[in-house]
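# Coordinates in review
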Amino acid sequence: MKILIKNMVCDRCIKVVGQLLDDAQIAYKNIRLGEVETINNPAEAQLNVFKELLSDNGFEILDDKRSALVESIKNIIIQLIQKNSETLITHKLSALLEEATGYDYHLLSTLFSSVEGVTIERYTILQRIEKVKELLTYNEMNLSDIAYTMGYSSVAHLSAQFKKMSGFTPTEFKKTGGQRRTLDNII
């Protein structure tokens, strides 16, 4: 059985959901962002326990296909930005999403906008800015390296987009120790 889960955005989420499955005594084959594949169909009592445990930890089971597809799009974008920035730089996001979901990008874009209230492009920009904030916070790269790593054409482009989305320049953010948001709360 496949269970779709909202708000799984990182490897730590996968570990937490695995522990929750163990706590609910549900045997599973595989856990990926936004998805669990169980070995057997869990009993209703087990599912209820699992749902409650998920809720206590900021997750929820997705029952409708529209929400599940939107969550899948979000997870693909987060993975691309967090782990595969180079893929996002060298490929069109629309093509990557079509390939990963098997749906036409226009359909994905319309669905995403209607469910989330923002476009896929804006969501992607917001995710990129959060990654830039993370890189600025760690202070391991200069702004030129961050711009290159995140696929911006120049430091000026990064700075302009950063200011537009956060209200700060990257330098101001760094100096003031600005606030970051959790990946599941970006929009």
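Residues numbered from 1 in each chain as written. Predicted model: local features only at pLDDT ≥ 70, side-chain atom pairs only at ≥ 80, totals over all residues. Heavy atoms only, no water.

Next up on the list: the overall build of the chain. Looking only at helices and strands, the chain features 10 helices and four strands. Projecting the C-alpha coordinates of the chain onto the three principal axes gives extents of approximately 55 × 35 × 25 Å. Residues counted as buried form 41% of the 187 residues belonging to the chain. When the accessible area of the chain is evaluated, it comes to approximately 10,500 Å², of which 48% is carbon and sulfur surface. Computing the positive centroid from 22 side-chain charges and the negative centroid from 24, the chain places the two 6 Å apart. (Helix = DSSP H or I, 4+ residues; strand = E, 2+ residues; numbered from the N terminus. Buried < 20%, exposed > 50% of the residue type's maximum accessible area, 1.4 Å probe, protein only. Areas by Shrake-Rupley, 256 points an atom, 1.4 Å probe, with all protein chains shown as cover. Lys, Arg positive; Asp, Glu negative; His and termini not counted. Charge placed at Lys NZ, Arg CZ, Asp CG, Glu CD.)

Attention now goes to the layout of surface pockets. The calculated volume of the second largest pocket comes to roughly 360 Å³. What lines the second largest pocket is a set of 16 residues, among which Arg-32, Leu-33, Glu-35, Ser-72 and Asn-75 lie closest to the centre. In the lining of the second largest pocket, the residues fall into seven nonpolar, four polar and five charged. (1 Å grid on protein atoms, 1.4 Å probe; cavity = no way out; pocket = protein on both sides within 12 Å on 5 of 7 lines; lining within 4 Å. Points joined across faces, edges and corners; volume = space filled by probe spheres on them. Nonpolar A, V, L, I, M, F, W, Y, C, P; charged D, E, K, R; others polar.)

A word on the pairing of strand 2 (residues 28–32). Bridge count for strand 2 against strand 3 (residues 35–38) is four bridges, and the pairing is antiparallel. Its bridge partner being in strand 3, Tyr-28 is matched across the sheet by Thr-38. Here strand 2 folds back onto strand 3 in antiparallel fashion, the turn holding two residues, of which Gly-34 has a positive phi close to 80°. (Pairing = 2+ DSSP bridges.)

Inspection of the entire model under this criterion finds two aromatic pairs. With a centroid separation of 5.6 Å and 75° between ring planes, the pair formed by Phe-162 and Phe-173 is classed as edge-to-face. Of this pair, Phe-162 sits in helix 9 (residues 155–166) while Phe-173 sits in helix 10 (residues 170–176), and the two are 11 residues apart along the sequence. Here the basic side chain of Arg-128 rests over the ring of Tyr-152, its NZ or CZ set 4.0 Å away from the ring centre. (Phe/Tyr/Trp six-rings, centres within 6.5 Å; stacked < 30°, edge-to-face > 60°. Lys NZ or Arg CZ within 6 Å of the ring centre and 35° of its normal.)

Turning our eyes to something else, we now look at the sheet that holds strand 2. Paired through backbone hydrogen bonds, the strands of a sheet run either parallel or antiparallel to each other. Read from one edge to the other, the open sheet built from four strands follows the order 2-3-1-4, with strand pairing classed as antiparallel. Strands with a single pairing partner mark the edges of an open sheet, and in this sheet they are strand 2 and strand 4 (60–61). Lying over the sheet, helix 1 (residues 11–23) contacts strand 1 (2–6), strand 2 and strand 3, oriented at roughly 150° with respect to strand 2. Along the sheet, helix 2 (residues 44–56) contacts strand 1 and strand 4; its crossing angle with strand 1, the most-contacted strand, is approximately 20°. (Contact = heavy atoms within 4.5 Å. Axes fitted to C-alpha atoms, helices over the stretch in contact; angles between N-to-C directions.)

Moving on, we get to the nonpolar core. Counting 50 residues, the largest nonpolar core has Ile-5, Val-17, Phe-50, Leu-97 and Ile-120 as its most contacted members. Setting aside residues up to four positions removed in sequence, Phe-50 forms contacts with Ile-3, Ile-5, Val-17, Leu-20, Leu-21, Ala-24, Ile-26 and Ile-61. (Core = buried A, V, L, I, M, F, W, Y, C linked by side-chain atoms within 4.5 Å.)

Next up on the list: the pairing of strand 1. Along strand 1, the buried face is formed by Ile-3 and Ile-5; none of Lys-2, Leu-4 and Lys-6, which line the opposite face, is buried. Sheet topology places strand 1 next to strand 3; three bridges connect them, and they run antiparallel. Residue pairing for strand 3: Ile-3 is matched across the bridge by Val-36. The sheet contact formed by strand 1 and strand 4 spans two bridges and is antiparallel. Within strand 4, the residue paired with Lys-6 across the bridge is Glu-60.

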